[in-house]
Each structure stands twice: as structure tokens, then as C-alpha cells.
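# Working through the structure, step by step
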Amino acid sequence: MEEFIPIAFFAMIAGIVIVPGYLKHRERKEMQATLRASIDKGQPLPTEIIEALSKESVKAPASASRDLRVGVILLAVSIGVAMFGYAFTFISGFEESKVSVPIMGLSAIPGMVGLAFIILSVFNKNKD
């Protein structure tokens, strides 16, 4: 029974990644079928549908405010993970180097990525 725990964990991760992509693919396929049926019947396509389809395919350029927002969120996640490592040391009674140092080291990863996003927001040409 214990061997199902790791399998369930990885199945959950795969489901989180695969299911939204599949649902978006199915929605796009149904939209194309509807458009084909309306074209076959000779009905004109509304301009709103054409604009909506063209907007979905074009990704908006990165803006300074979006970069800053993502950077601040990642820094907050980093600080939260570091605080968890620091608090876990006192709650569990373990030696500090056995618990808090690896957790704080892991918290440096989103912190550095967040710092990079903040720096990118300063140099981004697409100011809001």
C-alpha cells in the first residue's frame, strides 16, 4: 500500500499539467468545428470571433509591471520558505544545520529568480 503514495503523487502532478492542456485543446477543437459548420452554411463570421481567435494566438509582450509583480511574489515565496525553515528548527528541536540550512538554501532559488524579475522590470522597454 505504501508504494501507491509516490505513484499517486506523480499522477497528481501529471494530472495538473496534462488535464488543463487537454481541456483547452478540446475547447479549441469544438470552436473550430462550430466555425467550419457556419462557413459551410454560408453564414458570415462575426468580427468579435475573429478578433478573439487572433488575440488567443498572440501573446502579449512582457511589461515592467508584470515583471515587477512576478518578482515580488517570488521574493515573498522565498521569504516564506526561509521563515518556515527557521521556525521548524525551533519547533522540532533539531540542530540548526540539519534542517534550516537546506530549507533556506532552497528558498534562495525563487528569491534569486524574483530578484532577476525585479531587475528586468527596471530595464524593460514596455513601461505601463
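Residues numbered from 1 in each chain as written. Predicted model: local features only at pLDDT ≥ 70, side-chain atom pairs only at ≥ 80, totals over all residues. Heavy atoms only, no water.

Next up on the list: the overall build of the chain. Scanning the chain from terminus to terminus reveals 4 helices and 0 strands. Sequence-ordered secondary structure for the chain, helices as α and strands as β, is α-α-α-α. At 23 Å, the chain has a C-alpha radius of gyration far larger than the 14 Å of a compact globule built from 128 residues. Taken over 128 residues, the chain has a buried fraction of 14%. Carbon and sulfur atoms make up 71% of the accessible area of the chain, which amounts to about 10300 Å² in all. When the 13 basic and 12 acidic side-chain charges of the chain are each reduced to a single mean position, those positions are 8 Å apart. (Helix = DSSP H or I, 4+ residues; strand = E, 2+ residues; numbered from the N terminus. Rg over C-alpha atoms; globule rule 2.2 N^0.38 Å. Buried < 20%, exposed > 50% of the residue type's maximum accessible area, 1.4 Å probe, protein only. Areas by Shrake-Rupley, 256 points an atom, 1.4 Å probe, with all protein chains shown as cover. Lys, Arg positive; Asp, Glu negative; His and termini not counted. Charge placed at Lys NZ, Arg CZ, Asp CG, Glu CD.)

Attention now moves to helix α3 (residues 64-92). Between its first and last C-alpha, α3 extends 42 Å over 29 residues, near the 42 Å set by a 1.5 Å rise per residue. Residues of α3 that are buried: A64, D67, G71, S78, G85 and T89. (Expected span 1.5 Å × (residues − 1).)

A word on helix α1 (residues 4-40). Spanning 37 residues, α1 covers 51 Å between terminal C-alpha atoms, matching the ideal 54 Å at 1.5 Å per step. In the structure, α1 departs most strongly from a straight axis at G15, where the bend amounts to approximately 25°. (Bend = angle between axes of the 7 residues up to and from the residue.)

Scanning all chains against the criterion turns up 1 aromatic pair. Note on F9 and F10: the rings are 5.3 Å apart at their centroids and 70° apart in plane angle, and the pair reads as edge-to-face. Look at F10 and you get exposed, because its relative accessible area is 56%. (Phe/Tyr/Trp six-rings, centres within 6.5 Å; stacked < 30°, edge-to-face > 60°.)

By secondary structure assignment, the location of S107 is in helix α4 (residues 96-123). Residues S107 and M83, 24 residues apart in the sequence, show an inter-C-alpha distance of 9.3 Å. For S107, the contacting residues outside a window of four places in its chain are S78, V81 and A82. (Contact = heavy atoms within 4.5 Å.)

Within the secondary structure, I119 is located in helix α4. You can call I119 partly exposed: its relative accessible area is 43%. Spatially, the C-alpha atom of I119 lies 9.6 Å from that of A64, the residues being 55 residues apart in sequence.

Mapped onto the elements, M104 comes out in helix α4. Counting along the chain gives 22 residues from M104 to A82, while the straight-line C-alpha distance between them is 4.7 Å. Beyond its immediate sequence surroundings of up to four residues, M104 is in contact with A82 and Y86.

What follows covers the side chain of S78. Take S78: it is sitting in helix α3. Look at S78 and you get buried, because its relative accessible area is 10%. Ignoring any residue separated from it by four or fewer positions in sequence, one finds S78 in contact with S107, A108, P110 and G111.

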